[in-house]
Amino acid sequence: MKHLLKLSDLSREDILSILNLADQLKFERNNGIIKKYLEGKKLGMIFQKASTRTRVSFEAGIFELGGYGLFLSSNDLQIGRGEPVQDTARVLSRYLDGIMIRTFAQKEVEDLAKYGSIPVINGLTDYAHPCQVLADLMTIREYKGSFKGLKMAFIGDGNNMANSLAVGAIKLEMSYTIACPKGYEPDKGISEWAAANGDFKITESVEEALEGADVIYTDVWASMGMEKEKNEREHAFVGYQVNEKNIKAAKDDVMVMHCLPAHRGEEITEGVFEAHAKEIFDEAENRLHAQKAVMVKLLK
Ligand code: CP
Ligand code: NVA
């Protein structure tokens with residue numbers, strides 16, 4: 001494993017090995033065991049979109065590991081003024097030990113890895129959000145003990161989260177059903193791969209997706225960069241909400257997950273969100289542990 005560009009690049013064993021290390025790092029942190037696995041290492045963190053969790057968990061994480069994180073806003077970098085990613089990659093590779101990038105096009109992340117000579121971590125693109133899904137899988141295992149045979153229901157837009165969760169779920173032998181309106185399905189390539197490799201379904205019926213679900217996942221209807229489509233999407237997604245009524249179709253011990261930020265009253269009701277706040281904020285915390293594991297694997 002040289003980079004973390006998308007989950008489909010990782011084997012099932014790679015994923016489990018990251019999750020095991022993440023569990024270990026969480027245990028060490030909770031028990032005051034301090035080990036500077038990345039003493040003196042420098043991580044550049046390029047942000048072309050807003051972030052709370054990704055920014056803070058990476059910066060806190062590299063610090064806890066004994067390294068240093070540089071927050072690089074695209075507003076301040078020459079990349080924001082048109083300097084090609086190929087050149088940025090080669091320059092940053094001379095100064096740093098790793099790069100985390102949050103941007104729009106997946107190709108930009110792939111190019112950074114292709115032209116640079118240091119590990120690249122995808123901190124979210126329009127296509128994928130692998131760091132989030134590693135934290136999600138870690139949280140699911142904490143609550144459910146294992147993955148095999150669990151039913152995950154994703155309600156909402158076939159976006160970056162829906163894509164990466166499909167890959168993660170299928171690799172770990174969970175079943176995955178996404179309920180979304182016509183025209184808002186996940187990536188075609190991922191859907192074809194998932195259908196060929198596991199129990200994967202796309203439906204327009206929220207009820208069908210929620211029936212017997214062990215894990216419910218939802219995310220915003222309009223992702224970052226889709227602000228112009230906000231009104232149109234609010235119409236298209238009417239009915240694609242996780243609420244007190246439809247959640248009854250799921251198992252009694254269902255987990256509800258959300259990558260955050262959440263829009264209460266849109267994809268999830270306030271009541272369901274607060275009733276499941278424990279798992280949602282454990283999930284947010286696990287970003288820190290999962291990403292520390294990724295950094296140790298890639299930068300050490
Ligand atoms: N879930 C997530 O990636 O949050 P941020 O956008 O705050 O980083
Ligand atoms: N789908 C959301 C996820 C945010 C963490 C977005 O891309 O804005």
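J.: How should the site of ligand 2 be read in this particular structure?
T.: Around ligand 2 sit Leu124, Asn159, Asn160, Asp219, Val220, Ser223, Met224 and Leu260, and that is every residue in its neighbourhood. Separating a nitrogen atom of ligand 2 from a side-chain N or O atom of Asn159 is a distance of 3.3 Å. Ser223 is positioned such that a nitrogen or oxygen atom in its side chain is 2.7 Å from a nitrogen atom of ligand 2. Summarising the interface, the protein chains cover 95% of the accessible area of ligand 2, which totals 270 Å² for the free molecule. If you map ligand 2 onto the pockets, it falls in the largest pocket.

J.: What is the right way to read the layout of surface pockets from this model?
T.: Here the idea is plain: a probe the size of a water molecule rolls over the atoms and shows the empty space left. Empty space within the largest pocket amounts to approximately 450 Å³. Counting residues per element, the ones that place at least two in the lining of the largest pocket are α2 (53-64), α6 (160-171) and α9 (230-236). For the lining of the largest pocket, the per-class residue count stands at 10 nonpolar, 8 polar and 9 charged. In this structure, the second largest pocket occupies an estimated 180 Å³ of space. For the lining of the second largest pocket, the per-class residue count stands at 5 nonpolar, 1 polar and 6 charged.

J.: Just to check I follow, could you spell out the site of ligand 1 for this structure?
T.: Taken together, the residues surrounding ligand 1 are Ser51, Thr52, Arg53, Thr54, Arg102, His129, Gln132, Cys259, Leu260 and Arg287. In the environment of ligand 1, an oxygen atom lies 2.8 Å from a nitrogen or oxygen atom belonging to the side chain of Arg102. Interatomic distance of 3.0 Å between a side-chain N/O atom of Arg287 and an oxygen atom of ligand 1. Coverage of ligand 1 by the protein chains reaches 95% of its 250 Å² of free accessible surface. The pocket occupied by ligand 1, as judged from atoms lying within 2 Å of grid points, is the largest pocket. For the shell around ligand 1, the residue count by class is 2 nonpolar, 5 polar and 3 charged.

J.: What should I look at first to understand α6 in this one?
T.: Each turn of an α-helix holds 3.6 residues, which means side chains three or four residues apart point in the same direction. For α6, with 12 residues, the first-to-last C-alpha span of 17 Å sits near the 16 Å given by 1.5 Å per residue. Of all 12 residues making up α6, 12 are buried, and the element is well covered by its neighbours. For α6, the full list of buried residues reads Asn160, Met161, Ala162, Asn163, Ser164, Leu165, Ala166, Val167, Gly168, Ala169, Ile170 and Lys171. If you check the start of α6, you find a side-chain oxygen 3.0 Å away from the backbone N of Met161, and it comes from Asn159. One or two residues past the end of α6 sits Glu173, with phi positive at roughly 65°.

J.: Sorry, what's going on with the nonpolar core here?
T.: Considering soluble globular proteins, one finds that nonpolar side chains tend to be buried as a cluster. Core analysis: the largest hydrophobic core is formed by 56 residues, its most contacted members being Ile121, Leu134, Ile140 and Tyr176. If sequence neighbours within four positions are ignored, Leu134 has contacts with Leu4, Leu7, Ile15, Ile18, Leu19, Ala290 and Val294.

J.: Would you take a moment to explain the side chain of Glu283 for this structure?
T.: The topology assignment puts Glu283 in helix α11 (residues 277-299). Despite being buried, Glu283 has no salt bridge partner; Arg287 is the closest side chain of opposite charge, sitting 8.0 Å away. Apart from the residues within four sequence positions on either side, Glu283 is in contact with Gln132, Ala135, Asp136, Thr139, Tyr217, Met257, His258 and Cys259.

J.: Honestly, the pairing of strand β9 (residues 255-258) in this entry has me stumped. Any pointers?
T.: One face of the sheet, then the other: side chains in a regular strand alternate in exactly this way. Burial of the side chains of β9 extends over both faces: Met255 and Met257 are buried on one face and Val256 and His258 on the other. For strand β8 (residues 215-218) and β9, the ladder comprises 4 bridges, and the chain directions are parallel. Bridging from a neighbouring strand, Tyr217 pairs with Met257 of β9. Running through α9, the crossover from β8 to the neighbouring parallel element β9 is right-handed.

J.: Just checking my understanding: could you explain unusual backbone geometry for this structure?
T.: Working note: non-glycine residues mostly have negative phi, and peptide bonds are mostly trans. Omega for the peptide link from Leu260 to Pro261 comes to 0°, which places this bond in the cis form. Despite not being glycine, Leu124 shows a phi value in the positive range, around 120°. Here Leu124 lies in the loop between β4 (120-122) and α5 (130-144). Here Glu173, not a glycine, exhibits a phi torsion of approximately 65°, which is positive.

Rules of the game
Every chain is numbered on its own, with residues counted from 1 as its sequence reads. Whichever chain is written first is A, and whichever ligand is written first is 1; the rest continue in order. Whole-chain, interface and lining totals are the exception, using all residues; otherwise, since this is a predicted model, local features are given only for residues with pLDDT of at least 70 and side-chain atom pairs are given and counted only at 80 or more. Computation of side-chain values: all heavy atoms of the structure, hydrogens and water removed. Residue proximity to a molecule or strand is established when one non-hydrogen atom of the residue lies within 4 Å of it. A 3.5 Å cut-off defines polar contacts: any pair of N or O atoms within that distance qualifies, except that in protein one atom must be a possible hydrogen donor and the other a possible acceptor, and neighbouring residues in sequence count only when both atoms are side-chain atoms. Residue exposure ignores everything except the shown protein chains as possible cover, and the areas themselves are Shrake-Rupley values with a 1.4 Å probe. Here a cavity denotes a set of grid points, spaced 1 Å apart and computed over the protein atoms alone, in which a 1.4 Å probe fits but from which it cannot get out, and a pocket denotes an open set meeting protein on both sides within 12 Å along at least five of seven lines; residues with an atom within 4 Å of a point are reported as lining. For a cavity or pocket, the test is whether more than half of a molecule's atoms lie within 2 Å of its grid points; if they do, the molecule sits there. Grid points are joined across faces, edges and corners, and a volume is the space filled by probe spheres set on the points. Labels follow the DSSP assignment, with helices taken as runs of H or I lasting at least four residues and strands as runs of E lasting at least two, numbered in each case from the N terminus. Charged residues are taken to be Asp, Glu, Lys and Arg, nonpolar residues to be Ala, Val, Leu, Ile, Met, Phe, Trp, Tyr, Cys and Pro, and polar residues to be all remaining types, Gly included. A helix's residues, less one, multiplied by 1.5 Å, set its expected span. Each residue gets one of three labels from its accessible area relative to the maximum for its type: buried under 20%, exposed over 50%, partly exposed in between, using a 1.4 Å probe on protein chains only. Think of a nonpolar core as a cluster: buried Ala, Val, Leu, Ile, Met, Phe, Trp, Tyr and Cys residues, connected wherever their side-chain atoms sit within 4.5 Å. The contact criterion used is simple: two residues touch if any of their non-hydrogen atoms lie within 4.5 Å. The positive count covers Lys and Arg only, the negative count covers Asp and Glu only, and His and the chain ends enter neither. We define a salt bridge as a contact between a side-chain nitrogen of Lys or Arg and a carboxyl oxygen of Asp or Glu at a distance within 4 Å. By this definition, two strands are paired if DSSP reports at least two bridges between them. Whether a crossover is right-handed depends on one test, that the path from the first strand over the helix to the second runs clockwise when the strands point away from the viewer.

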